[in-house]
Structure formats: structure tokens, C-alpha cells
Amino acid sequence: MKLPATLKPEDVVVLVDNREQQPWDLSPLRMESGTLQSGDYSLAADGWRDLIRIERKSLPDLIGVVGAGRDRFEREVERLQAFPTRVLIVEANWSDIDAGDWRGKTTPKTVRNSLGSWMVRGVNVVMAGNRERAQEIARELLYRVANHEYRKLRSVAATIGERA
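Quick notes on the rules
- Residues numbered from 1 in each chain as written.
- Predicted model: local features only at pLDDT ≥ 70, side-chain atom pairs only at ≥ 80, totals over all residues.
- Heavy atoms only, no water.
- Helix = DSSP H or I, 4+ residues; strand = E, 2+ residues; numbered from the N terminus.
- Buried < 20%, exposed > 50% of the residue type's maximum accessible area, 1.4 Å probe, protein only.
- Lys, Arg positive; Asp, Glu negative; His and termini not counted.
- Salt bridge = Lys/Arg side-chain N within 4 Å of Asp/Glu carboxyl O.
- Contact = heavy atoms within 4.5 Å.
- Phe/Tyr/Trp six-rings, centres within 6.5 Å; stacked < 30°, edge-to-face > 60°.
- Arc of directions from axis to C-beta.

**Q** Give a detailed account of the side chain of aspartate 40, specifying residues and quantitative values.
**A** Among the secondary structure elements, aspartate 40 is positioned in the loop between β2 (30-34) and β3 (41-43). For the buried aspartate 40, no salt bridge exists, and the shortest N-O distance to an oppositely charged side chain is 5.2 Å, to lysine 57. Each residue touching aspartate 40, except ones within four places of it in the same chain, is listed here: Leu15, Val16, Asp17, Glu20, Ile54, Glu55 and Arg56.

**Q** Provide a residue-level description of the packing of aromatic side chains, including the pertinent values.
**A** Under the defined criterion, the tally for this structure stands at two aromatic pairs. Look at tryptophan 24 and tyrosine 41: their rings are 4.9 Å apart centre to centre, the planes differ by 15°, and that puts the pair in the stacked class. With tryptophan 24 in the loop between β1 (13-17) and β2 and tyrosine 41 in strand β3, this residue pair connects regions lying 17 residues apart in the sequence. Per residue, the accessibility class of tryptophan 24 equals that of tyrosine 41, and both read buried. Seen from their ring centres, phenylalanine 73 and tryptophan 118 are 4.8 Å apart, and the 65° between their planes marks the pair as edge-to-face. Placement of phenylalanine 73 in helix α2 (residues 70-80) and of tryptophan 118 in helix α4 (residues 108-120) is noted, with a sequence separation of 45 residues between them. Note on accessibility: phenylalanine 73 and tryptophan 118 belong to one class, buried.

**Q** Which residues make up helix α1 (residues 59-66), and what values do they have?
**A** What α1 keeps buried is the set Leu59, Leu62, Ile63, Val65 and Val66. All buried residues of α1 fall inside an arc of 165° around its axis, so they share one side. Those residues of α1 that are buried are in contact with β4 (52-57), α2, β5 (85-90), α3 (94-99) and α4.

**Q** Give a description of the pattern of salt bridges that names residues and reports values.
**A** Proximity of charged atoms lets side chains of opposite charge pair with each other. Per the counting criterion, the structure on display carries 14 salt bridges. Close ionic contact of glutamate 136 with arginine 133 constitutes a salt bridge, the shortest N to O distance being 2.8 Å. Pair noted here: glutamate 136 and arginine 133 are both in helix α5 (residues 131-163), with a separation of three residues, about one helical turn. For arginine 133, a relative accessible area of 40% translates into the label partly exposed. Beyond isolated ion pairs, a larger network of salt bridges with shared partners links Glu20, Arg56, Asp61, Glu91 and Arg131.

Just geometry here; none of it tells us what the structure is for.
Have a look at this one:
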């Protein structure tokens, strides 16, 4: 079986957790809904599903998981440890955190400390600045992981073809 030389973005299928309230538009990647035990986005292909997890957070979502939802999100961070690529993409930037423009008792320092704690534990935190940039980063990461795996698959297929 000969595989095409390149993996086109439109050939990549992303699995979006069906509980995701405001899914990103990741086109030209294709998207399908399903249940993910961890994260909001992954690759849908068998064998690739456990390679990446992306967790999406708006600024209000982030403040919520640092405050009242902390225990639940800590369990999520623990589950994310199982995936080689684990990313928290925040639809805000560091200056939004420093401004502390939200209601409640959560302080900017508490948010920064939480993000730092998650980074130390191996979760890549990307402060995307806004929703549009967050979508672009997620799209690129998902495609890069899929393309990396596709190149490995092509290499194995070529090796098998040489032996046949």
C-alpha cells in the first residue's frame, strides 16, 4: 500500500469533546464530536488519539478553575500527564491576568502561581491572547502531531515495501 507523500490538513480529523461549550473552528482540519475523558481536543484516528490533548480555557474559565473549580481541574491536570503532548491554551494573555479584571477573590498572583504549577507538572501553557489566535495554535499543533505520526507511518511502510 503506497501512502501519499504528504498529509493534507483536510485529511486530519480532530475529536472534539461533546461537552465543549464553545468549540473552536479548526478548518481545514475536519472535526467530529465524541467523548474525551481528558482535554477538549485530540486526534480522532485510532492509534493517534492518545498522542495529544488540548484543553481550551477562556479567561473566565481559567479564573473558575483556579478558584472554585480547582479540585476538579487538578484531577484533569493529573489525567493529562498520560499524554505525550498536553497543552492548555488560554484565550487571553499575561497582561490580562496581571490586570485582574474579574469578579471574585481570585488574585492575579494566584492565577500566575496555578499556571506555573501546571507548567512544572508538564502541561504546556500557551497564552494565545484571544480566541482566534488560540484556534490557530490548536490547529497547528494538532496538524503537526498528525503529520509527525504520518511521516513515521510512511517510513515504516517504505521499509516493509523494500523487504517485500
